[in-house]
Amino acid sequence: MLNIKELLEEIKASPYEEVEISVPHTGIVEFSDLKVGDKVTGPTGEWKEKPGTVLAKLTRERNTKSIPAPEKGEIVSIRHDLEGKFVEAGEVLLRIRHFLSKEEVIQLILKKALFLFNAPEKAKYYFTPEIDTKIKGSGERSVKVRDGLELFIVSRMKRETPLNYTGPEGVIYAVYFHNGDNIDGGQPLIGVCPEDQLKHIQDVVTRVQSEWEERD
Amino acid sequence: MDTDKRLDALTKRLDYIKDIFKSNENANVTMLSSELGECKQSRLKNHLQDLDRALTRLEDLFSFLEAKLEKELTPMDRVRIVRHPQRICLNDILENVYDNYTELGGLGENSIDPAMVIAQACIARRVGNKVVNQPVMVIGQEKGHGQEFRNGGSVKPWGNAKALHYMKVAQAEGIPIHTYIFTPGSYPIEDYPGAAQQIAKNIYEMGQINVPIVAVISEGGSGGAEAIGLADRRLMLSHGYYSVISPEGAAAIEGNPRTGNRVSEALIASCAKKLCITAEDNLRMGYVDRIIHEPVLGARPHNYDFFRVLRSEVIRATNEACLSVKRVKFFKAMAIRRKRTQDGKEIFMRWALSNGARKRLTEKRHSKFRELSTSAYMDNRSLMLKLGTALQSTAWSTKSWLLYDLIGRGARAAKQGVEGIQAEVLQVKEKACSLIKKDNDSDPVGNNISREARDKILCLSSPAQQGACLEDGTWKYRSPQSIIDRTFSCPNSAEEGCLDLWGPDLFGDFGGVCITCGHHFRMEYQWYLYNVFNYADGFEFNSGIEAANPLDYEGFDLKLDEVRKKTGLRSSCITFETRMDGINAVVICIAAPFRGGSIGAAEGEKIIRAAERAQRKQLPLIAYVHGTAGIRIQEGTHGVLQMPRCTMAVRRYMDAGGLYLVVYDTNSYGGTVASFLGCSPYQFGIRSSSIGFAGPRVITETTGIKVPPNYHNAWKALARGHIQGIWDRREMSKNVQQSLLTMGGRNLYYR
């Protein structure tokens, strides 16, 4: 069984993830004017169309490529000794410490604690009438699911077919769609957690929401 | 009570004057302001009679100084007048100029596009004791005195489509069209039908709408104005402006194009002046037929006298348009010429036209626009050459007529007749064979075909004999980029895992195409000229027509000289006649290195002449657009006029049965796509192309909508239905050949 509290403690102990920036191929490295402790930004813009801070430039066959930061964070180590030198592919140039945001922490916990049941194809999804009544009456967390339970109705091109739940037994923690929405294949429909962990998860998420301090 | 009202009216007049003169320090405005302030302060102290006298004096002073200020109006002040919420709008005109109207295709906010108003209106005329109602179709942009849903008269593509639809209705009913242009420009979105493509469609269709069209311009902003502005008579309000771009847009290009910082007021005002956008300027250049004089400081909804003048002017213009094509006119034409417009009573005449007159009307419209802006470019050809060209044109027309029409038509008819007889004979033969050889299952026709002919029909291309992209192992033209000894990375390498490519390979053998994902790197226009269009064996014509600076736009001469030296070109347009795989064709190449491939009077003239040449010689016409930034703003209205001029030329060419093929390469935006390029039924994009009306930055600035990075790319343009296909650069030659053989009209010399 997953120990949610331990997981949270673990995240709290190191509230960041370290990203290693390595060179994609051989070439001569030329660092930007950066030092340990400098802040860098990841790709920005609505479509992530603006690349992040340029960390270094790699030149091979007179073709200079920029290596941008993939995430927002702080530089923890930088191999200044490689400046102007020829490096092999995969050589780590620097490390960025990316501090986790509230959403990222919640996502991390839920990813480990929940089982996500995905839509098999692009269609409209509904809960079966019994389940729907139960959800509307006493909330989604009152619905227990088990493998083989007839849970959804898939509606596509005016044809309706039942869809059975497959996965571990538990209660529905979250519903990620609205009845009658068009859902793309592969998108999560519901998140399921073991019944006894429901309370823990709720507690942890609430705590994260209120207590987690975000760092730039 | 009365004095309060009068004071209130004066305050409003002062507010309006302040709005118009905005930041300018003006002694007259200050004086009016202080006088009005004093009058307000002394209101309670003075007797009613004294106050009345003071108000009368103040009203006189207002009228006097307004007339004085009128003379001081700068072009930018005029721009502020037409944009003012108190400016007359189309609904005021419908109420006051026409006697009755029904709004069509929308009512207020509930319309497919509230910025475009269409109404079936009536003008009631007294003829003796009778009253005659003359119906007209009124089409125009509506600014609605600042109503937010009107979008400031910025029409979306579907609004322009609605306008076109009702123009066709008017054509079917045989009633004149009055268009009122109140737009700062079109709304630059690409959603179907697409801003550029719809404007192109409008211009294309308006060229042949065979009922009289009268346009009245108040705010004529570029493509938005042209979408309904192609008219037989073009009138302009005296305080209006008609321009290729808003002064702010021009200033943004002049000042600081990249940073997005606001440009200074002074620069905007200077651009407004340099662009020659006022009614007087446009009348002088011949782009409008007449100016309708407005009251001082511009017409507002309470200027009823002005509406009377406007009514009289539009009636007169419609009369003139009709009379110009009617055979029987006698004294009416003379009367109309001599009639003073101020009396408000115009000659009555029916506006219905016979079929012959309708035909003459479109012919006349074409010649009217053909003759415009002919002095706005440099023609360095010698007199002898010009004479020779004119003679040659006549000779071609005669030759084409003799060869393809007179003899060709007879030969074609004979051939078709023989084919018909052959088919009949074959049918009888087959039937007979099947009766005789009932048991024989083999195909009686197929057996007669020789082995070679059979192979030719049934086998696909044989790659061993004909390389997919290389001719004799090498391209005829190698890009200068191919001599750079370095590798290049494909921008899609992160997603597609493309390997870096060595310059000489990439730009030499691979034709600038990534071998992994097919990404097209930018390539020079010469590559296409030599490798696709066989320019080396072609004949360039009209190269003596050079881009000029017709408005004496400050600093532009220098820029033109620089670009001439840098590119070796004299305009952004190269027109030549060539032979590709046995087929002759006329090619128009728009080269991006010359001022971004922008189109001015010189380029427009070259395009028109190319279309005329192709028409005379019955050749296919191919427009290869290496890149175009639209209309050249430094040429002002001379530039924007190329939109209707060129579109009408290619329309005539297509109507004469030609094939007009457009191929886009890199970035193609603006007025060119919204006119003679966008109107082609056969538009194709090379994979590297981006096609649209306005670039991403302009869209975000004008509409506030952020567009995704690939909003304009060829695939999106294809999905929106703006182009008909996407071509690989290396296969362009084959695709052009196939297009020449399979597409286009009946009057191509090789058909």
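Parameters and conventions
- All residue numbers here refer to positions counted from 1 along the written sequence of the relevant chain.
- To read the labels, note that chains go from A and ligands from 1, taken in the order they are written.
- Thresholds applied to this predicted model are a pLDDT of at least 70 for local features of residues and 80 or more for the giving and counting of side-chain atom pairs; totals over whole chains, interfaces and linings are not thresholded and use all residues.
- Processing note: side-chain calculations cover all non-hydrogen atoms of the structure and skip hydrogens and water entirely.
- Numbering goes from the N terminus for both helices and strands, where a helix is a DSSP run of H or I of at least four residues and a strand is a run of E of at least two.
- Atoms considered for the radius of gyration are the C-alpha atoms alone. The globule rule reads 2.2 Å times the number of residues to the power 0.38.
- Asp and Glu are treated as the negative residues and Lys and Arg as the positive ones, with His and the ends of the chain left uncounted.
- Taken as the charge location is NZ of Lys, CZ of Arg, CG of Asp or CD of Glu.
- In this description, a line fitted to the C-alpha atoms serves as the axis of each element, helices being fitted only across the stretch in contact, and the angle between N-to-C directions of two axes falls anywhere from 0 to 180 degrees.
- Roughly parallel means an angle under 35 degrees; roughly antiparallel, over 145; roughly perpendicular, 65 to 115; everything else is oblique.
- Crossing handedness is read from the near helix: turned anticlockwise from the far helix by less than a right angle, it gives a left-handed crossing, and turned clockwise, a right-handed one.
- Should any heavy atoms of two residues lie within 4.5 Å, those residues are counted as being in contact.
- Residues are sorted three ways: Asp, Glu, Lys and Arg are charged, Ala, Val, Leu, Ile, Met, Phe, Trp, Tyr, Cys and Pro are nonpolar, and all the rest, Gly among them, are polar.
- Patches here are clusters of residues that have more than 30% relative accessible area and form no salt bridge, with a 9 Å joining cutoff for like charges and a 5 Å cutoff for nonpolar side chains (Val, Leu, Ile, Met, Phe, Trp, Tyr).
- Note on areas: these come from Shrake-Rupley sampling with a 1.4 Å probe, and a residue is covered only by the protein chains present in the view.
- Salt bridge, as used here: a side-chain nitrogen of Lys or Arg that lies within 4 Å of a carboxyl oxygen of Asp or Glu.
- Only centres within 6.5 Å qualify two rings of Phe, Tyr or Trp (six-membered ring in Trp) as a pair; their planes then separate them into stacked at under 30 degrees, edge-to-face at over 60, and tilted for everything else.
- Placement of a charge over a ring requires the Lys NZ or Arg CZ to be within 6 Å of the ring centre, with the centre-to-atom vector within 35 degrees of the ring normal.
- Pairing between strands is defined by DSSP: at least two bridges between the two strands are required.
- What counts as a domain boundary in this text is fixed by an automatic or database domain assignment.
- Buried surface area refers to the total accessible area, computed with a probe of radius 1.4 Å, that the two partners give up upon joining, counted for both partners together.
- Polar contacts, as counted here, are pairs of nitrogen or oxygen atoms within 3.5 Å of one another; within protein the pair requires one atom able to donate a hydrogen and one able to accept it, and residues that are adjacent in sequence qualify only if both atoms are side-chain atoms.
- Residues enter a nonpolar core if they are buried and are Ala, Val, Leu, Ile, Met, Phe, Trp, Tyr or Cys, with the set joined through side-chain atoms within 4.5 Å.
- Only protein chains enter the area calculation, which uses a 1.4 Å probe; residues under 20% of their type maximum are buried, those over 50% are exposed, and those in between are partly exposed.
- The pLDDT value tells you how sure the predictor is about a given residue, anywhere from 0 up to 100.

**Considerations on the overall build of chain A**
Step number 1: Broken down by element type, chain A carries four helices and 16 strands.
Step number 2: What you see for chain A is a C-alpha radius of gyration of 23 Å, clearly larger than the 17 Å of a compact globule of 216 residues, by over 25%.
Step number 3: For chain A, the spread of C-alpha atoms along the three principal axes comes to 70 × 40 × 30 Å.
Step number 4: Taken as two groups, the 31 positive and 37 negative side-chain charges of chain A have centres that lie 2 Å from each other.

**A short note on the packing of helix H2 (residues 102–113) of chain A against helix H4 (residues 198–211) of chain A**
Residues and elements named next belong to chain A.
Step number 1: Remark: H2 packs on H4, axes separated minimally by 9 Å, with the N-to-C direction vectors making an angle of 170°. One finds that H2 runs roughly antiparallel with respect to H4. The two elements H2 and H4 meet at a crossing, and its hand is right-handed. Listed contacts from H4 to Lys102, Val105, Ile106, Ile109, Leu110 and Ala113 of H2 are Ile201, Val204, Val205, Val208 and Gln209.
Step number 2: Residue classes in the contact of H2 with H4 are distributed as nine nonpolar, one polar and one charged.

**Overview of a nonpolar patch on the surface**
Step number 1: Where nonpolar side chains cluster on the molecular surface, the patch consists of Trp401, Leu402, Leu403, Leu406 and Ile407 of chain B and spans about 490 Å² of accessible area.
Step number 2: Relative to the elements of secondary structure, isoleucine 407 of chain B occurs in helix H15 (residues 383–436).

**Details of the packing of aromatic side chains**
Step number 1: A full pass over the atoms with the stated rule returns 21 aromatic pairs over all chains.
Step number 2: Taking 5.4 Å as the distance between ring centres and 90° as the angle between the ring planes, the aromatic pair formed by tyrosine 530 of chain B and tyrosine 535 of chain B counts as edge-to-face.
Step number 3: Connected via pairs of aromatic rings, a cluster forms that spans Phe115, Phe117, Tyr125, Phe127, Phe152, Tyr165 and Phe177 of chain A.
Step number 4: Directly above the aromatic system of tyrosine 16 of chain B lies the positively charged group of arginine 300 of chain B, at a separation of 3.7 Å from the ring centroid.
Step number 5: Here arginine 486 of chain B stacks its cationic end above the ring of phenylalanine 488 of chain B, 4.1 Å away from the centre of that ring.

**Some thoughts on the packing of helix H14 (residues 355–370) of chain B against helix H23 (residues 642–655) of chain B**
All names here are of chain B.
Step number 1: For the pair H14 and H23, the least separation of the axes is 9 Å and the interaxial angle reads 135°. When the axes of H14 and H23 are compared, the pair comes out oblique. The way H14 lies across H23 gives a crossing that is left-handed. Only Pro644, Arg645, Met648, Ala649 and Arg652 of H23 make contact with H14, whose side of the interface consists of Glu363, Arg365, His366, Phe369 and Arg370.
Step number 2: Taken together, the residues of the contact of H14 with H23 break down into four nonpolar, one polar and five charged.

**Thoughts on the sheet that holds strand E12 (residues 150–156) of chain A**
Step number 1: Reading across the sheet, the four strands line up as E13-E12-E10-E15 (chain A) and stay open at both edges, with antiparallel pairing between neighbours. Each of the sheet's edge strands pairs with one partner strand only, and the pair in question is strand E13 (159–164) and strand E15 (182–183) of chain A.

**What to know about the domain arrangement of chain B**
Residues and elements named next belong to chain B.
Step number 1: For chain B, the assigned domains read domain 1 (2–72), domain 2 (83–370) and domain 3 (523–742).
Step number 2: Placing a centre on the C-alpha atoms of domain 2 and another on those of domain 3 gives a separation of 28 Å.
Step number 3: At the interface, 43 residues of domain 2 touch 44 residues of domain 3.
Step number 4: Of the roughly 4100 Å² buried at the junction of domain 2 and domain 3 (both faces included), carbon and sulfur atoms supply 63%.
Step number 5: Salt-bridge contacts for arginine 370 lead to glutamate 612; the nearest nitrogen and oxygen are separated by 2.8 Å.
Step number 6: For the pair domain 2 and domain 3, the interface holds 14 residue pairs in polar contact (both at pLDDT 80 or more).
Step number 7: The set of elements that each furnish at least two residues to the side of domain 2 that touches domain 3 consists of helix H7 (195–206), helix H8 (222–226), strand E8 (233–243), helix H9 (247–254), helix H10 (265–274), helix H11 (279–285) and H14.
Step number 8: When residues of the side of domain 2 that touches domain 3 are assigned to their parent elements, the largest contribution, eight residues, is made by H7.
Step number 9: The residue makeup of the side of domain 2 that touches domain 3, split by class, is 24 nonpolar, nine polar and ten charged.

**Quick word on the domain arrangement of chain A**
Step number 1: Entries for chain A in the domain assignment read domain 1 (15–99) and domain 2 (104–211).
Step number 2: On a C-alpha basis, the centres of domain 1 of chain A and domain 2 of chain A stand 39 Å from each other.

**What to know about the interface of chain B and chain A**
Step number 1: Chain B puts ten residues into the contact, and the matching count from chain A is nine residues.
Step number 2: Both faces combined, the contact of chain B with chain A buries some 820 Å², and carbon together with sulfur accounts for 46% of it.
Step number 3: Across the chain B-chain A interface, the total number found is three salt bridges.
Step number 4: Here chain B and chain A share nine residue pairs in polar contact (both at pLDDT 80 or more) between them.
Step number 5: Residues that form the side of chain B that touches chain A fall into these classes: four nonpolar, two polar and four charged.

**With respect to the nonpolar core**
One broad rule of soluble globular proteins: the nonpolar side chains tend to lie buried together.
Residue and element names in this part refer to chain B.
Step number 1: If you look at the biggest cluster of nonpolar residues, it comprises 148 residues, and the most contacted ones within it are Ile139, Phe533, Leu621, Tyr660 and Met732.
Step number 2: Composition of this core by domain shows at least three residues from each of domain 2 (83–370) and domain 3 (523–742).
Step number 3: Every residue in contact with isoleucine 139, bar those within four places of it in the chain, is listed here: Leu90, Met116, Val117, Ile118, Ala163, Tyr166, Met167, Ile177, His178, Thr179, Tyr180 and Ile228.
Step number 4: One finds Leu90, Ala121, Val216 and Phe306 within the second-largest nonpolar core, a separate group that totals 34 residues.

**What about the confidence of the model for chain B?**
Step number 1: Of all residues in chain B, 93% attain a pLDDT of 70 or more, and the chain-wide mean is 90.
Step number 2: Scored below 50 in pLDDT, residues 464–468 of chain B shows two contacts in the model against residues more than four places distant or in partner chains.

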